[in-house]
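Each chain is listed here by its residues.
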Amino acid sequence: MSKYNHIKSIPIESIPKEEIAQAIHEWAEGYDFLEKFLWVCYERGIKTDGCHAGMRSYVGFSYEGQKDNELALLMNAAISQNESQVMISPHGGNPLSGPDWYKTNIVVGAETEYEEDGKAFFDSLTQQLKDNHSNTNIDFSPLLALTKFFSDNLAGLLIRIRHNNNEYSFSLEGYFPDKDKVEELNSLFQGCGLVMYSHPEGERKNWTCTCADIETLSSKIREVADYIISNYSINPPTEVSDNNTFNINAHIVRNKAIQEGRPDMFDTWLMTEEERLKKIRSERKKATSK
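The present account deals with the structure reproduced in this document. Everything numeric here is computed off the predicted structure, so don't read it as measured data.

Next up on the list: the nonpolar core. One recurring pattern in soluble globular proteins is that nonpolar side chains are buried together. One finds Phe 37, Leu 125, Phe 170 and Ile 228 to be the most contacted residues of the largest nonpolar core, which totals 68 residues. The leading source of residues in this core is helix H3 (residues 68–79), at 8 residues. In this structure Ile 228 touches Leu 146, Phe 149, Phe 150, Leu 172, Leu 188, Phe 189 and Cys 192, once residues within four positions along its chain are discounted. Of all hydrophobic cores here, the second largest spans 10 residues; its members include Val 253, Met 265, Phe 266 and Leu 270.

Laid out in structure tokens, this is it:
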């Protein structure tokens, strides 16, 4: 049984140095090329928090306002390859995924169904990180500034960049049951040239634009980031609500618990909320099986 590779992520700083080799070997799941990449990240002080080397290979990084140059290099290295993406979650991930769930998460990945493409993807990341030089040169500093801005405002938006068939796309995505907020966001994002698309389930929204080349994409990222930071006027949510995602509600409760010096408040809420969500999922499953 694996000691370090299981459902919940483990902060790498919590692992004894004499067991780092074991942890990296287990995370790589038998893929030598992934193990080499994880070692390069570790040696450069880049904190990974998740990875997969099969179909749709990816690696995730915790972002705490540090290692900007290294992460920009890795994002460039990823997006230089066809069928790839960069995804940034300013508010972190699933509150049940481990103690660092609330930290900003950056994921780079290959959007292909073939394991051999995963090897090529990680080999390229490893080499470009070793060379300290990427095959593209997008200025990601505006994107990281926008990431922090979204995080501070609990905006509930995910940032995604894709490279497919020699075309690049930039999008902001989120789950918004509140129609008034959707209209407010749409009005704002239209001002910087993003077009809204609705997912089939309706409450998931995607504001996107496409670019023909890297230079245009880099320029568009700066334009969008500068515009949003200068014009965003939506107040951060302060109360738990069904209009928020599980992640945003968790941030709200966690922030209150910190302010009041009561960590037990968050732990109790999370336990109760987990049981409530399990019950909802069970009821939905029963309804769809009828």
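Summarising the element assignment, Gln 81 is placed in the loop between H3 and strand E3 (84–89). Looking at Gln 81, the relative accessible area reads 15%, which means it is buried. Ignoring anything within four residues of it in the chain, the contact list for Gln 81 reads Ala 120, Phe 121, Ser 124, Leu 125 and His 163. In this structure the side chain of Gln 81 is engaged in a polar contact, spanning 3.3 Å, whose partner is the backbone oxygen of Ala 77.

Before going further, it helps to examine the sheet that holds E3. Strand pairing in a sheet relies on backbone hydrogen bonds, with the paired strands running either antiparallel or parallel. The strand order across the open sheet built from 8 strands is E1-E2-E4-E3-E5-E6-E8-E7, with neighbouring strands paired in antiparallel fashion. For this open sheet the edge positions go to strand E1 (48–52) and strand E7 (195–198), each flanked by a neighbour on one side alone. Shown here is a sheet whose adjacent strand axes are inclined to one another by a mean of 20°, direction ignored. As judged from the 4 bridges shared by E1 and strand E2 (residues 58–63), these two strands associate in the antiparallel manner. Within E2, the position partnered with Cys 51 by the bridge is Val 59. Packing against the sheet, helix H4 (residues 115–131) makes contact with E1, E2 and strand E4 (104–110), and its axis sits at approximately 120° to E4. Set on the sheet, helix H5 (residues 141–152) makes contact with E2, E3, E4, strand E5 (158–164) and strand E6 (167–175); between it and E5 the angle comes to about 145°.

Time to look at the state of the cysteines. All told, the structure shown has 0 disulfides when counted by the stated rule. Note on Cys 41: no disulfide assigned, nearest cysteine sulfur contributed by Cys 51 at a separation of 9.5 Å. Considering cysteine sulfurs only, Cys 209 is the nearest to Cys 211, which forms no disulfide, with 4.5 Å between them. Residue Cys 211 is classed as buried on the basis of its relative accessible area of 5%.

About the criteria used
- Residues numbered from 1 in each chain as written.
- Predicted model: local features only at pLDDT ≥ 70, side-chain atom pairs only at ≥ 80, totals over all residues.
- Heavy atoms only, no water.
- Core = buried A, V, L, I, M, F, W, Y, C linked by side-chain atoms within 4.5 Å.
- Buried < 20%, exposed > 50% of the residue type's maximum accessible area, 1.4 Å probe, protein only.
- Helix = DSSP H or I, 4+ residues; strand = E, 2+ residues; numbered from the N terminus.
- Contact = heavy atoms within 4.5 Å.
- Polar contact = N/O pair within 3.5 Å; in protein donor to acceptor, adjacent residues only side chain to side chain.
- Pairing = 2+ DSSP bridges.
- Axes fitted to C-alpha atoms, helices over the stretch in contact; angles between N-to-C directions.
- Disulfide = S-S within 2.5 Å.

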